[in-house]
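# Examining the three-dimensional arrangement
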Amino acid sequence: MEKPGAIILTNGILLHSDAKTAHGLIRGTERFRIVGVIDEVYAVNDAGELLDGRHRNIPVYRTIEEAANSVADIRYCIIGIATIGGILPEGFIPLIETAIRRGMHIVNGLHDFLGDRHRLVSLAVDNGVDLIDIRRPKQRADLHFWTGKIYDVKAKIVAVLGMDCAMGKRTTCRMIREACTASGIHAEMIYTGQTGWLQGGRFGFIFDSTLNDFISGEVEHSIVSCSEETGAEIILLEGQSALRNPSGPAGSEFLVSGNAKYTVLVYAPKRKHYEHLPEWGAIPSIESEIELIGLYGSAVIAVALNTEDCSDEEAYSYQQELSSRLDLPVLLPLQQGVDEIIDVFRSILQSS
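First, a word on scope: everything that follows refers to the structure included in this document. (Residues numbered from 1 in each chain as written. Predicted model: local features only at pLDDT ≥ 70, side-chain atom pairs only at ≥ 80, totals over all residues. Heavy atoms only, no water.)

In this section: the overall build of the protein chain. Helix and strand counts for the protein chain come out as 13 helices and 13 strands. A compact globule built from 352 residues should have a C-alpha radius of gyration of about 20 Å, and the protein chain, at 20 Å, falls within 12% of that. The principal-axis extent of the C-alpha atoms belonging to the protein chain is close to 60 × 50 × 45 Å. Here the protein chain holds 352 residues, and the buried ones make up 55% of them. Counted over contacts in the protein chain with a minimum sequence separation of 6, partners at least 24 positions apart contribute 73%. (Helix = DSSP H or I, 4+ residues; strand = E, 2+ residues; numbered from the N terminus. Rg over C-alpha atoms; globule rule 2.2 N^0.38 Å. Buried < 20%, exposed > 50% of the residue type's maximum accessible area, 1.4 Å probe, protein only. Contact = heavy atoms within 4.5 Å.)

Structure (structure tokens):
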């Protein structure tokens, strides 16, 4: 069955870190067929080439009308941004209204729910389309409390954590899963954010729209369900925020409640402060983060570099220096892929 066609709205910020939802969808999704991006600043380009130099046949259009006139049967319009606080910029409203009038269902991953905007709801009803707020919290009856069943899981559980937000945790996690599949290792991924769902994730939940009392249970339920239904050898957990980011600390749940005994740590060597904001505090050393993860009972088995603001020469230099300093494999996911971790996984699986 062919995936439904979808366009992504980024509205001028396609190459900004706030467009990380768009970035994930451009790199791949099993849920939609991405046929274009709407961003007048970067129009007349291929979105993949803009993002990481890989042509993906995803044009960037100036307007929704231009996309609709170029591509038949666009069924979904996806808001491709993840802003601080999950607020929808008002500049997106006219674009959303245009998409609705064109008969497109709107998919929204922000905390700012379209279903609470009466004008949009009325317009959607008039045009026979749905407003899909994927971050709307689950009903209490659909939530799970932690039970201890996690200790019965036989798969090796690997958390992919970062030292800050918007580091590339989900992308790294997805690439590792794909590399495992290509190498004959049965790995599955637990999504924990809206983009993971948009990319077609089967197992997971949206961490930051879950009532705090049930986060540990949702982590456990996702892993246990995945293990029981797939028999995976390795289960990868997509991390959120960072252990010590003051705006949204996250990670201990994956290590403790999710019983992740192994960690891949994503690190940006040129990022000095949380969210690039000095007032939020300096990001600690990678050595101290590895030590902290170890105190939670998990071993860092590899580091993946986010090479923002780095030339390729600098990226390779950081890789060599950190590998020597930390005595760990250091991955360059965008430049080299993540195949180096496969031997690490084979060793872990053989030692069990």
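Let's shift gears to the packing of helix 6 (residues 169-182) against helix 13 (residues 341-350). Packing of helix 6 against helix 13 brings their axes to within 10 Å, and their N-to-C directions diverge by 70°. On the basis of the axis angle, helix 6 is roughly perpendicular to helix 13. Like other packed secondary-structure pairs, helix 6 and helix 13 cross with a definite hand, here right-handed. Residues Ile176, Ala179 and Cys180 of helix 6 lie in contact with helix 13, whose contacting residues are Ile341, Ile342 and Phe345. Each residue belonging to the contact of helix 6 with helix 13 can be placed in one class, and the counts come to 6 nonpolar, no polar and no charged. (Axes fitted to C-alpha atoms, helices over the stretch in contact; angles between N-to-C directions. Parallel < 35°, antiparallel > 145°, perpendicular 65-115°, else oblique. Left-handed = near helix turned anticlockwise from the far one by under 90°. Nonpolar A, V, L, I, M, F, W, Y, C, P; charged D, E, K, R; others polar.)

Before going further, it helps to spend a moment on unusual backbone geometry. Even without being a glycine, serine 241 presents a positive backbone phi close to 45°. Topologically, serine 241 is positioned in the loop between strand 10 (234-238) and helix 9 (252-257). Positioned with a positive phi, aspartate 327 is a non-glycine residue whose angle comes to about 55°. Mapped onto the elements of the fold, aspartate 327 is located in the loop between helix 11 (312-326) and strand 13 (330-331).

Next up on the list: the nonpolar core. Ile223, Ile301, Ile341 and Phe345 are the most contacted members of the largest nonpolar core, which has 65 residues in total. The element best represented in this core is strand 12 (residues 299-305), accounting for 6 residues. In this view, phenylalanine 345 contacts Val158, Ile176, Cys180, Ile185, Ile234, Leu236 and Ile301; residues no more than four positions away in its chain are not counted. Within the second largest apolar cluster, 28 residues are counted, among which are Cys77, Ile81, Ile96 and Ala124. (Core = buried A, V, L, I, M, F, W, Y, C linked by side-chain atoms within 4.5 Å.)

With that settled, consider helix 5 (residues 118-127). Looking at helix 5, one finds that the buried residues are Leu120, Leu123 and Ala124. All buried residues of helix 5 lie within an arc of 100° about the axis, which places them on one face of the element. Facing away from the buried surface of helix 5 by more than 90 degrees, the exposed residues are His118, Val125 and Asp126. The elements touched by buried residues of helix 5 are helix 4 (93-101) and strand 6 (131-133). (Arc of directions from axis to C-beta.)

Turning to the sheet that holds strand 10, a few remarks are in order. Here 7 strands make up an open sheet; going across it, the order is 9-8-10-7-11-12-13 and the pairing parallel. Across the chains shown, the open sheet's two edge strands, defined by having one partner strand only, are strand 9 (203-204) and strand 13. Relative to strand 10, strand 8 (residues 187-191) runs parallel, the two being bridged by 4 bridges. Looking at strand 10, one finds that methionine 189 is bridged to leucine 236. Packing against the sheet, helix 10 (residues 286-295) makes contact with strand 7 (156-162), strand 11 (262-267) and strand 12, and its axis sits at approximately 160° to strand 11. The sheet strands contacting helix 11 are strand 11, strand 12 and strand 13, and the helix crosses strand 12 at an angle near 165°. (Pairing = 2+ DSSP bridges.)

Next up on the list: the layout of surface pockets. Remark: the empty space left among the atoms is shown by a probe the size of a water molecule rolled over them. Roughly 280 Å³ of volume is contained in the second largest pocket. Those elements that provide at least two residues to the lining of the second largest pocket are helix 1 (20-27), helix 6 and helix 12 (333-336). Looking at the lining of the second largest pocket element by element, the count peaks at 4 residues for helix 6. Residues belonging to the lining of the second largest pocket are distributed by class as follows: 3 nonpolar, 3 polar and 6 charged. (1 Å grid on protein atoms, 1.4 Å probe; cavity = no way out; pocket = protein on both sides within 12 Å on 5 of 7 lines; lining within 4 Å. Points joined across faces, edges and corners; volume = space filled by probe spheres on them.)

To continue, consider the side chain of serine 298. You can see serine 298 is positioned in the loop between helix 10 and strand 12. Those residues in contact with serine 298 that lie beyond four places of it in its chain are Leu255, Ala260, Lys261, Tyr262, Thr263 and Ile293.

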